[in-house]
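Geometric and topological summary
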Amino acid sequence: MSQFDALYQEAQKYIPGGVNSPVRAFKQVGGAPVFFKKGEGAYVYDEAGKRYIDYVGSWGPMIVGHAHPEVIETVVETAKNGLSFGAPTVSETELAKRVLELVPSMDQVRMVSSGTEATMSAIRLARGYTGRDKIVKFEGCYHGHSDSLLVKAGSGLLTFGEPSSPGVPADLTQHTIVIEYNNPEAVKAVFAEYGDEIACVIVEPIAGNMNCIPPQPGFLETIRECCDQHGAVFIIDEVMTGFRVGKYSAQGLYGVTPDLSTFGKVIGGGMPVGAFGGKKAIMDHLSPNGAVYQAGTLSGNPVAMAAGIKTLELISKEGFYEDLSAKTDYLIKGITDVFAKHNRPLSTNHVCGMFGLFFTEGEVKTFSDATRSDIDFFQKFYHGLLDEGIYLAPSAFEAGFLSSAHTYEDLDETIAAMDRVLTKLD
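Each value, and the rule that gives it
Per chain, residue numbering runs from 1 following the sequence as it is written. Only residues with pLDDT of at least 70 are given local features in this predicted model, and only at 80 or more are side-chain atom pairs given and counted; all residues enter the totals for whole chains, interfaces and linings. Processing note: side-chain calculations cover all non-hydrogen atoms of the structure and skip hydrogens and water entirely. UniProt positions are given in the numbering used here, feature names are shortened, and annotations may be inferred rather than shown by experiment. Annotation comment: domain bounds sourced from an automatic or database domain assignment. The contact definition used throughout considers only heavy atoms, calling two residues in contact when any of these lie within 4.5 Å. Buried area adds together the accessible area that both of two parts lose upon being put together, with accessible area traced by a 1.4 Å probe. We define a salt bridge as a contact between a side-chain nitrogen of Lys or Arg and a carboxyl oxygen of Asp or Glu at a distance within 4 Å. Polar contacts, as used here, are pairs of N or O atoms within 3.5 Å; protein pairs need one atom able to donate a hydrogen and one able to accept it. Residues neighboring in sequence count only if both atoms are side-chain atoms. Think of it in three bands: residues with accessible area under 20% of the maximum for their type are buried, residues over 50% are exposed, and the middle band is partly exposed, with areas taken using a 1.4 Å probe on protein chains only. Helix and strand definitions follow DSSP, with helices as H or I runs of at least four residues and strands as E runs of at least two, each counted in order from the N terminus. Strand pairing follows a simple DSSP-based rule, namely that at least 2 bridges must link the two strands. Orient the strands so they point away from the viewer; a crossover is then right-handed if the path from the first strand over the helix to the second runs clockwise. A helix is expected to span 1.5 Å for every residue after the first. Geometry is summarised by axes, namely lines fitted to C-alpha atoms with helices restricted to the contacting stretch, and by angles between N-to-C directions that run from 0 to 180 degrees. Each angle gets one of four labels, with under 35 degrees taken as roughly parallel, over 145 as roughly antiparallel, 65 to 115 as roughly perpendicular, and the rest as oblique. Two helices that cross are described as forming a left-handed crossing if the nearer one is turned anticlockwise from the farther one by less than a right angle, and a right-handed crossing if clockwise.

As recorded by an unreviewed UniProt entry, the protein chain carries the name Glutamate-1-semialdehyde 2,1-aminomutase and is attributed to Ignatzschineria ureiclastica. For the record of the protein chain, the UniProt heading Subcellular location (unreviewed entry) holds the text "Cytoplasm". The UniProt entry for the protein chain carries the following text under Cofactor (unreviewed entry): "pyridoxal 5'-phosphate".

Details of the domain arrangement of the protein chain
Structurally, the protein chain comprises domain 1 (4-67 + 318-425) and domain 2 (69-316). A C-alpha centroid distance of 25 Å is found between domain 1 and domain 2. Between domain 1 and domain 2, the residue contacts involve 34 residues of the former and 35 residues of the latter. Carbon and sulfur atoms make up 64% of the surface buried where domain 1 meets domain 2, a total of about 2600 Å² over both sides. Run the count over domain 1 and domain 2 and you get zero salt bridges. The interface formed by domain 1 and domain 2 contains twelve residue pairs in polar contact (both at pLDDT 80 or more).

Some words on the pairing of strand β10 (residues 198-203)
With six of six residues buried, β10 lies mostly within the body of the structure. Looking at chain direction, strand β5 (residues 134-138) and β10 are connected through three bridges and run parallel. Residue pairing for β10: V136 is matched across the bridge by V201. Assessed by its sense of winding, the connection that carries the chain from β10 through helix α7 (residues 219-230) to strand β11 (residues 233-238) is right-handed.

Points about unusual backbone geometry
Trans peptide bonds make up the majority, and among non-glycine residues the majority have a negative phi. Residue S287 is joined to P288 through a cis peptide bond whose omega torsion reads 10°. With respect to the helices, strands and loops of the structure, P288 is situated in the loop between α9 (280-283) and α10 (302-315). One non-glycine residue with positive phi stands out, namely W59, at about 70°. Note that W59 resides in the loop between β3 (51-54) and α2 (69-79). With relative accessibility at 18%, the residue W59 sits in the buried group.

Remarks on α10
Taking 1.5 Å per residue as the helical rise, α10 with its 14 residues ought to reach 20 Å, and the 20 Å between its terminal C-alpha atoms agrees with that figure. Where α10 begins, the side chain of N301 points an oxygen toward the backbone nitrogen of V303, at a separation of 3.0 Å.

Here's the deal with the packing of helix α6 (residues 184-194) against α7
Following both chains from N to C, one finds α6 and α7 inclined at 10°, their axes separated by 9 Å at the closest point. In terms of orientation, α6 and α7 fall into the roughly parallel class. Regarding α6 and α7, the two cross each other, and that crossing is right-handed. Contacts between α6 and α7 involve P184, V187, K188 and F191 from the first element and F219, T222, I223, C226, C227 and H230 from the second.

This is how it looks when you write it as structure tokens:
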């Protein structure tokens, strides 16, 4: 029985499953989830005061580390003036300008309060702009829990999605087509059959919800070409990758220009922020200028805007991403060497401050590849690392993240801890 069992049991009395987001419940790894009390730099501390080197980073946004002094100071000073007005503030314009400066594909951007809200709104806008209903998404990509996106893939090269959750009517997913990620031929096939009915294609440019899977050469480019040929809107979902894998996000990294983009995580600096934006010709269809409705009382919250502005300022410093990328390279090489030492299968992917570990042989390019990962081994490995004070995501299908606060000493400590855990498991 862990020290967190009592806390978890108490939470379950009042919160469904004891958590406010399902993956936190440790269903895949077993046991009670860790309850955290404090974060500082590269570390998080549980309720008992134990320190962990953190590779979750609140699922990506803590790119400059937890409780960065400049971010905290900005948030505290802003909060003194009030937490919410439900009215325009100059900070909304300032953050919007900073985001647009870094994302040339967007002429305008609207702030919302979550990644789910951003992707849901972008899809509604794409449908309103094109007058079409069908959307295309990719197996293993997650774009939030709105009804049209909670779909599971069937068999075959391309398939209409069926609801993957009770409470989602089949009528709402019948227009969602699910195809294989990193498969340009599937993209061409779906457009060949349904091209003039497709409102949009939405994709994670680097999949982060089947662990970390980068795009294969030609994949994103094929989506762009097919959307252009058939008048569909290309949506790149950068909620996870935005400003996480480079100063200009994944679309800048791979040189692909979408029609609409969605953001979250990093632009909130740890506060609940999302955003969607794109070409003015499309954004003009959004209320109050156009007929596509979207609203949010807490959108553009001044405290959240302040955290985002300061975070974007910090990550824009010269050499920030080169340093982050070098650290990730170092960590992945160290982990790979340790697994080879113990003759354990391991496949890895990483892009700048984002990485994935797959406990399987061979390269991982698709969702089916990712499902080969040894979940039983991961469960034992995960709890071994927890004991060692290393905190990874409690799922074999979630990406890991580094921050600028991680030191090479932290990385060496992590690699050594993995060596010790693997020795115990041999």
